[in-house]
Amino acid sequence: MNRHHQVVGIHARGFMLIEVALVVVLMAIILGPVLHLLASQREKNKVLAHLESRQRILETVEGFVLATGRLPCPADQYKGAESRTGDACTRKEGWLPIATLATWGIEGQWKMAVATLEHAGEPAQDALVSAQPFAQLSPQQLTEIVMAPYTANYPLGAGPLPAIHLCQLVQGHAIPPNVNSGCGAHTLLNATTVWLAYPADDLPNQNRYQQFFINPDQPAANPVWLSFERLNWLWMKRGALNAPHIQEN
């Protein structure tokens, strides 16, 4: 009798294990697509939040240009004010100056860089961050310096251009050091970028100020930028291009 009960108990436990296994398999079949959808939704939300932050930052910076006539300088600290001495930035790369821009609703931490035009020398240097960008240069002269600079001994797109190089990553090629000019083996997208902000955890673009990289495979980590052409449009909208300027020789 006891042996019969033992056999029945073993069979019952065997059936229970089979049932548990079937439940686990069914749950995996049912929950697999659900978990995949949740992961896809999280990634989608991340991309949307990044794009919204980019748009908000760009709108804030353009509003700053319309209000002040110049580009903002980087901050020394996260959420700090821009770091300036006189009419120039104290640094070319740093934190997005949240306190100065008075922006809000930005996802994550952002850093920025600004074109100080130091490779163009005086009087163009610091003109883009000056409250009086045309104090010593006419709009046409400044445009010629940024758009068609003289870069002797360098191939096209590789010289130390006054503005920032914006490059698209090409897989399989090393990223040039941040002390180098140009895009290296990567694709040059824009050579007249004058302001740029990027996520602080964007490792390829850390501590750069001469060139920045866009990865088409990572839309939730790419920078936002302002070109010199767009800056000119903002100046025109502000009426700065219509103000009296120095006379060309």
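Structure report, in brief. (Residues numbered from 1 in each chain as written. Predicted model: local features only at pLDDT ≥ 70, side-chain atom pairs only at ≥ 80, totals over all residues. Heavy atoms only, no water.)

### Quick word on the packing of aromatic side chains
The relation between two aromatic rings is expressed through the spacing of the ring centres and the mutual angle of the planes. Applying the stated rule across the entire model yields four aromatic pairs. A centroid spacing of 6.2 Å and a plane angle of 85 degrees characterise the contact between Phe228 and Trp235, whose relative ring orientation is edge-to-face. By relative accessible area, Phe228 is classed as buried at 1%. Members of the aromatic cluster, joined through ring pairs, are Phe134, Phe228 and Trp235. Here the guanidinium or amino end of Lys111 rests over the ring plane of Trp95, the centre of that ring lying 5.1 Å away. (Phe/Tyr/Trp six-rings, centres within 6.5 Å; stacked < 30°, edge-to-face > 60°. Buried < 20%, exposed > 50% of the residue type's maximum accessible area, 1.4 Å probe, protein only. Lys NZ or Arg CZ within 6 Å of the ring centre and 35° of its normal.)

### Looking at the state of the cysteines
Counted under the stated rule, the structure contains two disulfides. When the bonded cysteines of the protein are numbered from the N-terminus onward, they pair as 1-2, 3-4. (Disulfide = S-S within 2.5 Å.)

### Things to note about the side chain of Asn215
Topologically, Asn215 is positioned in the loop between strand E7 (211-214) and strand E8 (224-227). A relative accessible area of 11% places Asn215 in the buried class. Of note is the side chain of Asn215, whose polar atom sits 3.0 Å from the backbone nitrogen of Asp217. When neighbours within four sequence positions are excluded, Asn215 is seen to be in contact with Leu169, Gln171 and Asn222. (Helix = DSSP H or I, 4+ residues; strand = E, 2+ residues; numbered from the N terminus. Polar contact = N/O pair within 3.5 Å; in protein donor to acceptor, adjacent residues only side chain to side chain. Contact = heavy atoms within 4.5 Å.)

### Structural notes on the environment of Val61
Of note, Val61 is situated in helix H1 (residues 2-68). Owing to a relative accessible area of 0%, Val61 belongs among the buried residues under this scheme. For Val61 and Trp195, which are 134 residues apart along the polypeptide, the C-alpha to C-alpha distance reads 9.2 Å. With sequence-adjacent residues up to four places away left out, Val61 is seen in contact with Pro72, Leu101 and Trp195.

### Looking at the packing of helix H3 (residues 139-147) against helix H4 (residues 228-238)
Helix-helix packing: each pair is described by the crossing angle between the helix axes and the interaxial distance. Relative to each other, H3 and H4 sit at 165 degrees, their axes nearing to 11 Å. Considered as vectors, H3 and H4 are oriented roughly antiparallel to each other. In this structure, the crossing between H3 and H4 has a hand that is right-handed. Counted together, Leu142, Thr143, Val146 and Met147 of H3 and Phe228, Glu229, Asn232 and Trp235 of H4 form the full contact between these two elements. A per-class count over the contact of H3 with H4 returns five nonpolar, two polar and one charged. (Axes fitted to C-alpha atoms, helices over the stretch in contact; angles between N-to-C directions. Parallel < 35°, antiparallel > 145°, perpendicular 65-115°, else oblique. Left-handed = near helix turned anticlockwise from the far one by under 90°. Nonpolar A, V, L, I, M, F, W, Y, C, P; charged D, E, K, R; others polar.)

### Topic: the pattern of salt bridges
The full count for this structure, using the stated rule, is six salt bridges. The partner of Glu82 in a salt bridge is Arg70, and the shortest N-O contact between them spans 2.6 Å. With Glu82 in the loop between H1 and strand E1 (84-85) and Arg70 in the loop between H1 and E1, the pair connects residues that are twelve residues apart, well separated along the chain. Just as Glu82 is buried, Arg70 falls in that class too. With a shortest N-O distance of 3.6 Å, Glu93 and Lys111 are connected by a salt bridge. Within this pair, whereas Glu93 is found in strand E3 (residues 93-95), its partner Lys111 is found in strand E4 (residues 110-114), the two being separated by 18 residues in sequence. The class of Lys111 is buried, set by a relative accessible area of 11%. (Salt bridge = Lys/Arg side-chain N within 4 Å of Asp/Glu carboxyl O.)

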